[in-house]
Amino acid sequence: MTEIDPRELRNALGAFATGVTIVTTIANDERSPGQGQKIPIAMTANSFSSVSLDPPLILWSLARNAQSFKAFDEAEHFAVHILHSGQKGLSGICATKNADKFAEISWHPGINGIPVFDDYNTCFECQVENKFDGGDHLIILGRVIKFDNKERETHSTPLVFYQGQYKNIA
Ligand SMILES: Cc1cc2nc3c(=O)[nH]c(=O)nc-3n(C[C@H](O)[C@H](O)[C@H](O)COP(=O)(O)O)c2cc1C
């Protein structure tokens, strides 16, 4: 067996151009345990993938070493926002540890109080259907309960990630 160099593997996987999403949920505030305070959670993810139309299923994978791992692992609902090309800055903020992620985001509560942004190309509100071991990631399979596709109205081009960089498509 040839040795797999993780850095080379990462570069090779970067050859697959993806869209960019921000996944959100609502979680108990660990800073005030037992007080029932809830806080919004968000993280940038490009592991999003469509899975099934009937039933309507999507998936994404969550790094086990993410700060927001516990929040997403315990969540029963989450929202996936597919970003447009004007949301590069937001993607950067939600990919930064300890950032004040919701300072610049305008949002409203969706199903079970999960944060739904006011701005996106497409949004899927999901219920967790199943979770699978994915090595250093946890694969989260979600059932789409509700979705909104603004892309067709706004004609906004998607934000794209390729070889470790953001790209805009014309
Ligand atoms: C374009 C892009 C895609 C990413 N995709 C994922 C992903 O699919 N899963 C993941 O766990 N982290 C992904 N990350 C890294 C997380 O966004 C980053 O680790 C973030 O800090 C996680 O939030 P947290 O530190 O609050 O847990 C991605 C980052 C970028 C810039």
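Engineer: Sorry if this is basic, but what is going on with the sheet that holds strand E6 (residues 77-82) here?
Structural biologist: Strand-to-strand pairing in sheets goes through backbone hydrogen bonds, with the strands running parallel or antiparallel. With respect to topology, seven strands assemble into an open sheet ordered E3-E2-E6-E9-E10-E5-E4, the strand pairing being antiparallel. The open sheet has two edge strands with one neighbour each: strand E3 (38-45) and strand E4 (49-52). Averaged over all adjacent pairs, the angle separating strand axes in this sheet is 35 degrees, with direction ignored. In this structure, strand E2 (residues 21-28) lies alongside E6, joined through four bridges in antiparallel fashion. Its bridge partner lying in E6, Thr-24 is registered against Ala-79.

Engineer: Just checking my understanding: could you explain the environment of Met-43 for this structure?
Structural biologist: As for its position among the elements, Met-43 is in strand E3. Looking at Met-43, the number of C-beta atoms within 10 Å reads 23, which means it is buried. Expressed as a C-alpha distance, the spacing of Met-43 and Ala-99, which sit 56 residues apart in the sequence, is 10 Å. Sequence-distant contacts of Met-43, defined by excluding residues within four places in its chain, comprise Ile-22, Val-23, Ala-66, Ser-68 and Cys-94.

Engineer: Looking at this structure, how should I read the sheet that holds strand E12 (residues 165-168)?
Structural biologist: Across the sheet, which stays open at both edges, the three strands sit in the order E1-E11-E12 with antiparallel pairing between neighbours. Of all strands in the sheet, those bounded by a partner on one side alone are strand E1 (18-19) and E12.

Engineer: Which parts of the structure should I look at to understand the site of the ligand?
Structural biologist: By nearness alone, 17 residues border the ligand, and Ala-45, Ser-47, Ala-63, Ala-66 and Ser-68 come closest of all. Secondary-structure elements contributing two or more residues to the shell around the ligand are E3 and strand E5 (57-63). With four residues, E5 is the largest single contributor of residues to the shell around the ligand. Partitioning the shell around the ligand into residue classes produces nine nonpolar, seven polar and one charged.

Engineer: I'm lost on unusual backbone geometry in this one. Help?
Structural biologist: Excluding glycine, a negative phi dihedral is what most residues carry, and trans is how most peptide bonds are arranged. A cis amide bond links Asp-54 to the next residue, Pro-55, at an omega of 5 degrees. Unlike most non-glycine residues, Asn-98 shows phi in positive territory, near 65 degrees. Along the chain, Asn-98 turns up in the loop between helix H3 (88-93) and strand E7 (107-109). With a phi angle near 55 degrees, Asn-112 is a residue other than glycine that sits in the positive phi range. Among the structural elements, Asn-112 can be located in the loop between E7 and strand E8 (115-117). With 14 C-beta atoms counted inside 10 Å, the residue Asn-112 sits in the partly exposed group.

Engineer: Any chance you could explain the nonpolar core here in plain terms?
Structural biologist: Within soluble globular proteins, side chains that are nonpolar tend to cluster in buried spots. Within the largest apolar cluster, 32 residues are counted, with the highest numbers of intra-cluster contacts made by Ile-22, Val-23, Trp-60, Phe-78, Ala-79 and Val-80. Those elements giving two or more residues to this core turn out to be E2, E3, E5, helix H2 (69-74), E6, strand E9 (122-134) and strand E11 (159-162). Not counting the four nearest positions on each side in its chain, Val-80 is found in contact with Thr-21, Val-23, Phe-48, Ile-58, Trp-60, Phe-124 and Cys-126.

Engineer: Sorry if this is basic, but what is going on with the environment of Tyr-162 here?
Structural biologist: The residue Tyr-162 is located in strand E11 in this model. According to the C-beta neighbour criterion, Tyr-162 is partly exposed, with 14 such atoms within 10 Å. Spatially, the C-alpha atoms of Tyr-162 and Leu-13 are 9.3 Å apart, while their sequence positions differ by 149 residues. Ignoring any residue separated from it by four or fewer positions in sequence, one finds Tyr-162 in contact with Gly-14, Ala-17 and Lys-167.

The rules behind these values
- Residues numbered from 1 in each chain as written.
- Predicted model: local features only at pLDDT ≥ 70, side-chain atom pairs only at ≥ 80, totals over all residues.
- Pairing = 2+ DSSP bridges.
- Helix = DSSP H or I, 4+ residues; strand = E, 2+ residues; numbered from the N terminus.
- Axes fitted to C-alpha atoms, helices over the stretch in contact; angles between N-to-C directions.
- Buried ≥ 20, exposed ≤ 12 C-beta atoms within 10 Å, placed from the backbone.
- Contact = placed C-beta atoms within 7 Å.
- Near = placed C-beta within 6 Å.
- Nonpolar A, V, L, I, M, F, W, Y, C, P; charged D, E, K, R; others polar.
- Core = buried A, V, L, I, M, F, W, Y, C linked by C-beta atoms within 7 Å.

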